[in-house]
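Here's the letter readout for the chains.
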There are 2 protein chains.
Amino acid sequence: MLSIDVRPEGVGVYPARMSEQSAKPYLVRAICEWCADNGFTPYLAVKVSPQTRVPPSFVKNGEIVLNISPSATRKLTIDNEWIQFSARFNGVSQEVSVPMNAVSGIFAKETGYGFAFAIATDPVTSLAAATASTWRSRHTRPRGRW
Amino acid sequence: MLSIDVRPEGVGVYPARMSEQSAKPYLVRAICEWCADNGFTPYLAVKVSPQTRVPPSFVKNGEIVLNISPSATRKLTIDNEWIQFSARFNGVSQEVSVPMNAVSGIFAKETGYGFAFAIATDPVTSLAAATASTWRSRHTRPRGRW
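Think of each chain on its own: its residues are numbered from 1, step by step along the sequence as written. Ligands are numbered from 1 and chains lettered from A, in the order in which they are written. Two thresholds apply to this predicted model, a pLDDT of at least 70 for residue-level local features and 80 or more for giving and counting side-chain atom pairs, whereas whole-chain, interface and lining totals are computed over all residues.

1. Re the overall build of chain A
A count of helical and extended segments in chain A gives 2 helices and 8 strands. Along chain A, helices and strands appear, N-terminal first, in the series β-α-β-β-β-β-β-β-β-α. Burial in this document is a count-based property: other C-beta atoms within 10 Å of a residue's C-beta are tallied, and the residue is buried at 20 or more, exposed at 12 or fewer, or partly exposed in between, with C-beta positions derived from the backbone. Taken across its 146 residues, chain A has 32% of its residues classed as buried. By definition, any uninterrupted DSSP run of H or I lasting at least four residues is a helix, any uninterrupted run of E lasting at least two residues is a strand, and each is numbered from the N terminus.

Okay, here's the thing in structure tokens:
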């Protein structure tokens, strides 16, 4: 225990076992509370999947970044499985719901401080994404990383 | 924002600016809540300093690891500046208080999951340590890294 990694700069993170309940929702709530207490804007990064309910026109490269500050949302709830709220997008109120396993990051807009999370890969989604990518790369763009 | 660091494994951490209120107390509370909900034992690692009030006989290499689970403590409070509680050490109840800036880690005993934090160096302590190190290196050991 005394060999705990104390770095001169930054924060170290210990790995989690896969069998335990993820600490992710606890960290998302922690960063949201820290943002609220410091006047920062919490931004939630989400990897879009069939389980996410988000405004499609704001999705870029399969990801969406959502402002989940109290002033931008109504009825925000962050439990261990879901983040849910309603918000206005282009003036229209929409319901948003995101499963915790689709959350790829939480950070303060103003400072960038926060967390990036690993996203478990869904084989079906991956296959669809790979197919789409191949189709687009064949028909609209040169091959390569894009 | 879409360049957020999503790693295939583990959790990424963004750096904090020095001017902002540390997110450390929020993360300590988050890990404690996660431990409580999952039946884990939260261990708090502390770098002992003149500001820490801890049982000296349990200090090793200037650090102490404290069990801060509800079953091991009474009147536990974790605010943004201090962690305080009373606990029994060798059967004797003692008051413990630790400034947040002395907390070097919080993790689950059972899994090791948690955080290690950077500890700001106290100039006076550093000077004393440097002096002691120089004295010892001159009188008791060959020069070098030790």
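2. Side note on the sheet that holds strand β4 (residues 74–78) of chain B
Residue and element names in this part refer to chain B. Spatially, 3 strands are ordered β4-β5-β6 in an open sheet, and the strand pairing comes out antiparallel. With partners counted over all chains shown, the strands left at the sheet margins are β4 and β6 (92–99), one partner each. Each adjacent strand pair in this sheet contributes to an overall mean axis angle of 25°, direction not counted. Two strands are counted as paired when DSSP detects at least two bridges linking them. Bridge analysis of β4 against strand β5 (residues 82–89) gives 3 bridges, and the strand direction is antiparallel. Bridging from a neighbouring strand, I78 pairs with I83 of β5. In this analysis an axis means a line fitted to C-alpha atoms, helices contributing only their contacting stretch, and an angle means the value between N-to-C directions, from 0 to 180 degrees.

3. Examining the sheet that holds strand β4 (residues 74–78) of chain A
Residues and elements named next belong to chain A. Spatial strand order, β4-β5-β6: 3 strands in an open sheet with antiparallel pairing. Of all strands in the sheet, those bounded by a partner on one side alone are β4 and β6 (92–99). Across the sheet, the mean angle separating the axes of adjacent strands is 25° when strand polarity is ignored.

4. Some words on the confidence of the model for chain A
All names here are of chain A. Here pLDDT means the predictor's own confidence in every residue, given as a number from 0 to 100. Looking at chain A, pLDDT values average 78 and 68% of them are 70 or higher. Note that residues 1–10 has pLDDT below 50 and, in this model, 25 contacts with residues that lie over four places away or in other chains. Note on contacts: each residue gets a C-beta atom placed from the backbone, and two residues are in contact if those atoms are within 7 Å. Below pLDDT 50 for its whole length, residues 14–19 participates in 11 contacts with residues either more than four positions away or in separate chains.

5. Some remarks on the nonpolar core
Nonpolar side chains tend to gather and get buried jointly when the protein is soluble and globular. Any set of buried Ala, Val, Leu, Ile, Met, Phe, Trp, Tyr and Cys residues joined through C-beta atoms within 7 Å is what this text calls a nonpolar core. Counting residues in each nonpolar core, the largest one holds 67 residues, and the members touching the most others are I31 and V46 of chain A together with I31 of chain B. Ignoring anything within four residues of it in the chain, the contact list for I31 of chain A reads P42, I106, G114 and F115 of chain A together with A23 of chain B.

6. Quick look at unusual backbone geometry
Phi is mostly negative for residues that are not glycine, and the peptide bonds are mostly trans. All names here are of chain A. Not every positive phi belongs to a glycine, and N61 is a case in point at roughly 55°. Inspection of the secondary structure assignment puts N61 in the loop between β2 (42–47) and β3 (63–67). Residue N61 is classed as exposed on the basis of its C-beta count, with 10 C-beta atoms lying within 10 Å. One non-glycine residue with positive phi stands out, namely N90, at about 50°. Position of N90 among the secondary structure elements: in the loop between β5 (82–89) and β6. On the neighbour-count criterion, N90 (8 C-beta atoms within 10 Å) is exposed.

7. A closer look at the pairing of strand β8 (residues 114–117) of chain B
Residue and element names in this part refer to chain B. For strand β7 (residues 103–108) and β8, the ladder comprises 3 bridges, and the chain directions are antiparallel. Its bridge partner being in β8, F107 is matched across the sheet by G114. Counted between consecutive antiparallel strands, the loop separating β7 from β8 contains 5 residues, among which G112 sits at a positive phi close to 85°.

8. A closer look at the environment of V96 of chain B
All names here are of chain B. Within the secondary structure, V96 is located in strand β6. Among the residues examined, V96 registers 21 C-beta atoms within 10 Å and is labelled buried. Distance from V96 to D37, taken between C-alpha atoms, is 24 Å for residues 59 residues apart in sequence. V96 has contacts with R53, V54, L66, Q84, F85, S86 and A87, leaving out every residue within four places of it along the chain.

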